[in-house]
Each structure stands twice: as structure tokens, then as C-alpha cells.
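Geometric and topological summary
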Amino acid sequence: MSIQQNMHFQSGLLSVDASGEFSLEDAKQAFLELLKAIAHYQAEKILLDGRNMKGKPGDLERFYYGEFAARETHKLVVEHKIVPRFAYVIHEPLRDPTRLGETVAVNRGMNVKTFETAEDAIEWLTDVH
């Protein structure tokens, strides 16, 4: 797999540093690993730092990733009774300026948002709704 993830859990926050080259299949596998860690730690706040990721996914890949992530997250919610919030810190071209993948996932019930800076992501994660 060409995506590496280093995970650290502290004070209710699961921080993930991701690096490597984006491919849809690798991203799906990496997301499944992330969900296992969420279940293990009972984490509800996830900060994924993908600023060291490379790649330029096409619209179809963004759509399929968003759909996959939302479906697998729903399974986690049902099975483990955890409702995670995901903050992705990624830069263009990995982050789509129109936020297609984010929109697909949100429309399917996932609580996720993409950010340009880690500070904004952490602020959103710690904001009580």
C-alpha cells in the first residue's frame, strides 16, 4: 500500500498523519485501518493530516471515496455506537476546491469537513455543536 498512516490517540482526539501517493484502492484500505483505530480507542474526534499526501484524484475517485467513507462510517456507528467527526487537513490538488468528496460523504450522513490548516480543523473538532 502506498499510503502510510501514523496514528496517535490523546485526550479523546485521534490524530492521523498520512503520507504517500493517493490511489482510490489504497485510500479505501487506509480508511478501513482508520476505522479500526476509531473503534479501538472509542474516538469521536479524528484529525487526519494529509498535507504530505500526493495525488490529484478525478471527480469519479472523489465521489467513490466519499461514498465509501460514509458507508463504512455508518457501519461503525451502528456496530460500535460511536459517531465520529472527521477533519481532513489537505491541500489542493488532493483537496478539491469544490469539495465534491466531502459533499458526497456529508450527504450520506458522515460528519466530515476539509480544511487548509490544522488550526482551523482543531477549532472545528473542538467546537461544541
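Just above sits the structure.
Residues numbered from 1 in each chain as written. Predicted model: local features only at pLDDT ≥ 70, side-chain atom pairs only at ≥ 80, totals over all residues. Heavy atoms only, no water.

This paragraph deals with empty space enclosed by the protein. Applying the stated criterion across every chain yields a total of one cavity of 30 Å³ or more. Elements with a minimum of two residues in the lining of the largest cavity: β1 (3-10), α1 (24-41), β3 (45-54), α2 (59-80), α3 (100-107) and β5 (111-115). By residue number, the principal contributor to the lining of the largest cavity is α2, which donates five residues. Residues belonging to the lining of the largest cavity are distributed by class as follows: 19 nonpolar, five polar and six charged. (1 Å grid on protein atoms, 1.4 Å probe; cavity = no way out; pocket = protein on both sides within 12 Å on 5 of 7 lines; lining within 4 Å. Points joined across faces, edges and corners; volume = space filled by probe spheres on them. Helix = DSSP H or I, 4+ residues; strand = E, 2+ residues; numbered from the N terminus. Nonpolar A, V, L, I, M, F, W, Y, C, P; charged D, E, K, R; others polar.)

Membership of the largest hydrophobic core comes to 31 residues, with the highest contact counts inside it found for L14, F31, L34, I38, F86, Y88 and M110. Counting residues per element, this core draws most heavily on α1, which supplies nine residues. Grouped together as the second largest cluster of nonpolar side chains are eight residues, F115, A118, W124 and L125 included. (Core = buried A, V, L, I, M, F, W, Y, C linked by side-chain atoms within 4.5 Å. Buried < 20%, exposed > 50% of the residue type's maximum accessible area, 1.4 Å probe, protein only.)

It is worth spelling out the sheet that holds strand β4 (residues 85-89) at this point. As summarised here, the arrangement of the five strands in space is β1-β2-β3-β4-β5, forming an open sheet in which the pairing is mixed. Because the sheet does not close on itself, it has two edges, and the strands there are β1 and β5. Averaged over all pairs of adjacent strands, the angle between their axes in this sheet comes to 15°, without regard to strand direction. The sheet contact formed by β4 and β5 spans five bridges and is parallel. In the sheet register, Y88 faces β5, and the bridge partner there is T114. Its contacts with the sheet place helix α4 (residues 118-126) against β2 (13-21), β3, β4 and β5, and it is angled at close to 170° to β4. (Pairing = 2+ DSSP bridges. Axes fitted to C-alpha atoms, helices over the stretch in contact; angles between N-to-C directions. Contact = heavy atoms within 4.5 Å.)

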